[in-house]
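Chain and residue survey
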Amino acid sequence: MSAHLPILQVVVPLLAAPLCAFLRNARAAAVIAVLASWATLAVALSLLGDVMSAGVISYEIGDWAPPLGIEYRVDIVNAWVLVIVSTIASVVAPYMITSVEDEVERRRIPLFHAAYLLCLAGLLGITITGDVFNVFVFLEISSLSAYALIAMGTRRRALTAAFRYLVMGTVGATFIVIGIGLLYVMTGSLNMADLAVLLPEVWDSRTVKVAYGFLGVGCCLKLALFPLHLWLPNAYAFAPSAVTAFLASTATKVAVYMLLRFFLTIFGAPFSFGVMGLDRVLLPLALAAVVTMSLVAIFQVDVKRLLAYSSVAQIGYMVLGLSFASVTGLTATLLHLFNHALMKGALFMAMGCVVYRIGSVHIDAMAGLGKRMPWTMAAFVVGGLSLVGVPLTVGFVSKWFLILGALERGWWPVAVVVLLASVLALVYVWRVVEAAYFRPAGGDEGTREAPWRLLVPTWVLVGANLYFGIGAARTARVAERAAEVLMTGVGP
Amino acid sequence: MLGLSLAVPVAGAALIVLLRRSPNAREAASLVTAGALFAIVLRVHAAVSGGGRPSLVLAEPIPGIPIALEAEPLGVLFALIASFLWIVTTMYSIGYMRGHREKHQTRFYLFFAFAIASAMGVAFAGNLFTLFVFYEVLSLTTFPLVTHAGTEKAKRAGRVYLGVLLTTSIALQLLAIVWTYAITGTLDFQDGGILSGRAAGAVVPVLLGLYVFGIGKAAVMPFHRWLPAAMVAPTPVSALLHAVAVVKAGVFAVLKVTVYVFGIDFLAGAGASVWLMWVAAATIILGSLVAFTKDNLKARLAYSTVSQLSYVVLGAMLANSWGVIGGGMHIAMHAFGKITLFFCAGAIMVAAHRSEVSQLGGLGRRMPVTFAAFFIGTLSIVGLPPTGGAWSKWFLGVGSLEAGQVGLVAVLMLSSLLSLAYLMEIPLKGFFGKAEAGDRGDHGHDHAHGHPPGILRWSMAAIVTTAVGCVVLFIHPEPFHRLMTMVTGQ
Amino acid sequence: MSLDLFVSHYNYWVVIFLMMVGFYILISRGNLIKKIVGLNVFQTAVFMLYISMGKISGGTPPILVDPKGEGKGHGGAETVGEAAAEIVYSNPLPHVLILTAIVVGIATTSVGLALAVRIKEAYGTMEEDEINRIEAETEAGE
């Protein structure tokens, strides 16, 4: 059984999805979604445990030996990302039951859960596979279901947001296919580990460099790196709350992982940083993302959209860590993948609670909510503090490594920018806090606290924000080892 | 023991919430907690005086950088003052909050206890990271106290308060801390400093500057705006937190960084602190000058605090043992003096509903004890015998001469004269001024013109305690002096 | 660049031309259906890229000629076995990959069309500028 864990990771949600669709029963579909999500978490955790103790796991699909057959290859890096994705899924899935009943038409609910499971399967597949074309297939599975999920938002702008995302996402995915095709032309292989061995021989060829460019742009479109982020704010703002919470904390993270995989494992750090000068390209983009998107976030009145812009800024932090081209920088990136998933998940789930009760997340509509929905807003405050990077929250830990990485390179102006951007984050979080706690409540007097079915999952993530903020030594150690694996290339 | 110093106030906070239905029980709980905390700090003091360094690791958020507590003499000094004055302030609050009919009193006592817990954390922080953590927690827990009134003005002030404190600490202090870590690979406080011998050149003055300005609670200009803003809080908050716990946490952190991160010999050798000496000197003079222009009593006291805090910063920047001793002693002396002044200001506000200096004419004849205490507090701030303030000024003066900065001695003298002028005006007006200064009718409170309601006995007891404390510290400064000599190893 | 190189790589030029056409439609047209068509052309260009690179001039379909040899379609025209040495096979793998990619492309198109239908129902138009105008108005009205 345990030998087949890698394939189970993907197959469980993949098979659960049609089950949901055929059952046509909202409750049953929800239960299946929750159970499948929890199963993926169990698998991911045991995979991480195995990898930590025994090293890389290779799984040959259908017993076809790589590099010909498709290989699922789990090393510490993707085991880590698998845990991130499945953790968020396990927390969001129970939350989804109640949140979705409120926001999605009843007869569509089983299909909604099916789409969610497909999306989850796609994301896990991208992460676990060791075959580049397989990455593309799973990428499209997750993206197509994400478009459908976003389009189920209550307002009609969800449709246009989903359409725009579809166009941008497909262009991004096609770019990735082009890149993969060019790599195949040069090496005749699609296996990642094999590619990593074959590519150094053809470093000089222009085709490889073009492939590098296509893959880079494609990944950056998917992970919404400034200025390729235009699809993201609307998609997050108008999607159903649970979908926003799920996608914001998983989809972009997996895209970042994909970027790391392509650039560091397949092409290798020497090629990326030495030949292509990746660090010099990404650094200004990342800094621009961090600063401009934080500034834009300050002026948003829709809190979900505010958080969406903040996400683009936070993605800037992750890319910034990569641009340091050092183990410390990558540790910051990998830690922030996890930490940002925790904080954004918590924040968007808190906003889902607000939507559930008052139907809007306009900043004016939230006036006085601190009194009426104390638990929800307290969750927002903790998540917000984490976003700012206050000590004892996870946000601080990733900032710490990021600044350390900048100073190691001697780039102290970068460190200053990171810190100033934290202050900007303080400003936009503060605007919401001020509305909720310091403005007199208007509107409906009867607004009550969100139901516990929403609050419990929200607070699980909030608790994780604090737990991993106070005792981050373990997560930091895993991230550090993963960063070493990435920097040194394919492990044994 | 150290764990208890954090746990006791937090447990007290829980008790306060549990007993919120009965104000008497709630305030008794508050008093008992304060007493218990002081007893604990005394035990820690005994251990440290015996040469011990009790320590405790709480958690390890980042590998190699734990949240750890360690008691050393400077921290004990700060903890002693904060915990003792907490008892006194609680007594005072009971009279003040009831006399003023403040709302949300449970919330008030709750966050007060949290603030003290974080001040203890600052005092006993075993490394820079822990110091930073508790420093931030202190900012956050005092925020509800600053905005206690809930008015538009209080909210605006709260925004300035949190804005300045968090911005400086995140943008400058955190940068300095990570930088220190990048240079040394450790954040532990060590005798003689961790940077000494590892950093050189222009890095040292820049880094020191980041610390001094980044520790916004030290209120070195131009990052002092939050302190006057915080004066909208109820007076006990201004008295304990914004004359003692919060601001002293700031200057304490500056001293601690100077002594245990840089090391005074290293700083003196590198000459890295000279420019900051003059920044501190400028704050001393400018703060005094601004205090002159303020008619509002609490605002005047706030600017006086800005000025006085820089004495401690100056003491640290002198980078010799006299300066450090003077700075440390000044933490204690100024605490007693300034808390007395704030207590008096609060008493005047509750009893006579006066908040402006120009309205105080003749009030001293109706409230003789209050104004007498104010007089003693003034003497201590100015630094005249027979009050404790004289000692710290003395050591600071010696330290300036030792550092070869005669100009600074002149600054100290000038500032003493200035503070004498702007503070002495108040008791003089109270005792000898005309009974009614009718020219400021817009601030007059007609209903207050009757016989002032007797301030509750609790508050008076607090005022007398701290005023007497000022005098006692003149006669018996040894406990604090001894702790400081342990710090400098003289 | 010599004419020879140009002609011998004509498949690439076709691909690049198609790609640009698709991309241009995608960007310049406001009609959502036309955007989807553009996207399709764009994707098809990539399919062509894959398919053409699998073809080797003179190559046969990858069916084993020598029953004793173990044919390997992978990695260009690799062959094992002495007898099969002179036979050149076309690479079947890109074709197989593109089968998958075509399926993905159809799925994308159908999701896109479904969204377009829903947008038409919700907004009463399929023109992007019209939709933007309506959205701006409702935003102002909120």
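What counts and how
Residues numbered from 1 in each chain as written. Chains lettered and ligands numbered in written order. Predicted model: local features only at pLDDT ≥ 70, side-chain atom pairs only at ≥ 80, totals over all residues. Buried ≥ 20, exposed ≤ 12 C-beta atoms within 10 Å, placed from the backbone. Helix = DSSP H or I, 4+ residues; strand = E, 2+ residues; numbered from the N terminus. Pairing = 2+ DSSP bridges. Core = buried A, V, L, I, M, F, W, Y, C linked by C-beta atoms within 7 Å. Contact = placed C-beta atoms within 7 Å. Nonpolar A, V, L, I, M, F, W, Y, C, P; charged D, E, K, R; others polar. Arc of directions from axis to C-beta. Axes fitted to C-alpha atoms, helices over the stretch in contact; angles between N-to-C directions. Parallel < 35°, antiparallel > 145°, perpendicular 65-115°, else oblique. Left-handed = near helix turned anticlockwise from the far one by under 90°.

1. Describing the pairing of strand β2 (residues 71-74) of chain A
All names here are of chain A. Side-chain alternation along β2 places Glu-71 and Arg-73 on one buried face and Tyr-72 and Val-74 on a second face that is also buried. Sheet analysis places strand β1 (residues 57-60) next to β2, joined by four bridges and oriented antiparallel. Across the sheet, Glu-60 pairs through a bridge with Glu-71, a residue of β2.

2. A closer look at the nonpolar core
With 453 residues, the main nonpolar core has Ile-150 and Ala-162 of chain A together with Val-313 of chain B as its most contacted residues. With near-sequence residues (within four places) excluded, Ala-162 of chain A lies in contact with Tyr-147, Ile-150, Ala-151 and Ala-235 of chain A together with Leu-115 of chain C.

3. Some remarks on the interface of chain B and chain A
The partner chain A presents 24 residues to the 19 residues of chain B that form the contact. Broken down by secondary-structure element, the contributors of at least two residues to the side of chain B that touches chain A are β1 (55-62), α5 (128-146) and α6 (152-184) of chain B. Among the elements that make up the side of chain B that touches chain A, the one with the highest residue count is α6 of chain B (11 residues). Residues of the side of chain B that touches chain A, tallied by class, amount to 15 nonpolar, one polar and three charged.

4. Quick word on helix α19 (residues 478-488) of chain B
An α-helical segment advances 3.6 residues per turn. Residues three or four places apart therefore align on the same side. Residue and element names in this part refer to chain B. Buried within α19 we find Phe-480, Leu-483, Met-484 and Val-487. One side of α19 holds all its buried residues, which, seen down the axis, span an arc of 95°. For α19, the exposed residues set more than 90 degrees away from the buried face come down to Glu-478 and Arg-482. Contacts made by the buried residues of α19 are with α3 (73-99), α9 (235-262) and α13 (321-352). Once α19 ends, the next one or two residues include Gly-489, with phi positive near 70°.

5. Some thoughts on the packing of helix α2 (residues 26-54) of chain A against helix α3 (residues 76-103) of chain A
All names here are of chain A. Running from amino to carboxyl end, α2 crosses α3 at an angle of 160°, the nearest separation of the two axes being 8 Å. Relative to α3, the element α2 lies roughly antiparallel. At the point where α2 passes α3, the crossing takes the left-handed sense. Residue composition of the contact of α2 with α3, by class: 21 nonpolar, five polar and no charged.

6. What to know about the packing of helix α2 (residues 10-28) of chain C against helix α3 (residues 32-54) of chain C
All names here are of chain C. Relative orientation of the contacting elements α2 and α3 amounts to 165°, with a least axis distance of 7 Å. As summarised for this structure, α2 and α3 are arranged roughly antiparallel, according to the angle between their axes. In the crossing of α2 with α3, the sense of the turn from one axis to the other is left-handed. Residues Asn-11, Val-14, Val-15, Leu-18, Met-19, Val-21, Gly-22, Phe-23, Ile-25 and Leu-26 of α2 lie in contact with α3, whose contacting residues are Lys-34, Lys-35, Val-37, Gly-38, Leu-39, Val-41, Phe-42, Thr-44, Ala-45, Met-48, Leu-49 and Ser-52. Partitioning the contact of α2 with α3 into residue classes produces 15 nonpolar, five polar and two charged.

From the geometry alone we can't say anything about function, so treat these as descriptive.
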